Amino acid sequence: MSKIENFLTPKQEEFIIKAIEAAENNTSGEIRVHIEKFTKKPPMDRALEVFCFLKMNETKLKNGVLIYVAIDSKKFAIIGDEGIDKVVSDNFWEKSKELMLSNFKNGEYAKGIEIAVLEVGNQLKKYFPKQQNDRDELSNEISKS
Ligand code: CA
Ligand code: CA
């Protein structure tokens, strides 16, 4: 069993947080990464639970996006709130997942997550440009359970 603390090094975590900050600099959208050890649930179901638990469904423009990873279960999901979900192309989430997976397969977890953050950031920027009075509605820290 892998330890959740060992999944990402502190440096990698910092790197991902920086990527989230950089992405959010260009958009009103909010990106979060959540990591847990294990889930029995289908990853999309569990991701939705976490999404609500983190109050990601409460952003003003409904443009929060969660990247969810269950390390021992080897499951992950990306979900976006309805604001962003209805404007991206139908295969956007799937394509981003594939990009993540291709890195995960090589054990490049930090890189996979970072790529997903960048991809999501680009879409958010396109549809939800940063506003003058923008605030950080959701923490950029990686949450864990
Ligand atoms: Ca914001
Ligand atoms: Ca944020």
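Residues numbered from 1 in each chain as written. Chains lettered and ligands numbered in written order. Predicted model: local features only at pLDDT ≥ 70, side-chain atom pairs only at ≥ 80, totals over all residues. Heavy atoms only, no water.

### Here we look at the coordination of the calcium ion (ligand 1)
Only Glu30 (OE), Asp134 (OD), Asp134 (OD) and Arg135 (O) from the protein reach the calcium ion (ligand 1) as donors, at distances of 2.2 to 3.1 Å. Along the chain, the residues donating to the calcium ion (ligand 1) fall in the pattern E-x103-D-R. The distance between the calcium ion (ligand 1) and the calcium ion (ligand 2) comes to 5.6 Å, and Glu30 binds to both of them. A relative accessible area of 24% means that Asp134 is categorised as partly exposed. (Donors = N, O, S within 2.8 Å, 3.2 Å for Na, K, Ca; no water. Buried < 20%, exposed > 50% of the residue type's maximum accessible area, 1.4 Å probe, protein only.)

### Describing the coordination of the calcium ion (ligand 2)
When a metal holds four donors in a tetrahedron, each ideal angle between them is 109.5 degrees; when it holds six in an octahedron, the ideal angles are 90 or 180 degrees. The protein atoms that coordinate the calcium ion (ligand 2) are Glu24 (OE), Glu24 (OE), Glu30 (OE), Asp136 (OD), Leu138 (O) and Asn140 (OD1), at distances spanning 2.2 to 2.6 Å. Sequence spacing among the residues donating to the calcium ion (ligand 2) works out to E-x5-E-x105-D-x1-L-x1-N. By relative accessible area, which is 7% here, Glu24 ends up buried.

### A look at the packing of aromatic side chains
Tallied over the full model, the rule gives four aromatic pairs. Geometrically, the ring pair formed by Phe7 and Tyr109 is tilted, given 4.7 Å between the ring centres and 40 degrees between the ring planes. Pair noted here: Phe7 is in helix 1 (residues 4–7) and Tyr109 is in helix 6 (residues 109–127), with a separation of 102 residues, a long-range link. Using a relative accessible area of 13% as the deciding quantity, one classes Phe7 as buried. Here Phe92 and Trp93 contribute two aromatic rings whose centre-to-centre distance is 5.1 Å and whose plane-to-plane angle is 65 degrees, an arrangement assigned as edge-to-face. Taking relative accessible area as the criterion, Phe92 reaches 5% and is therefore assigned buried. (Phe/Tyr/Trp six-rings, centres within 6.5 Å; stacked < 30°, edge-to-face > 60°. Helix = DSSP H or I, 4+ residues; strand = E, 2+ residues; numbered from the N terminus.)

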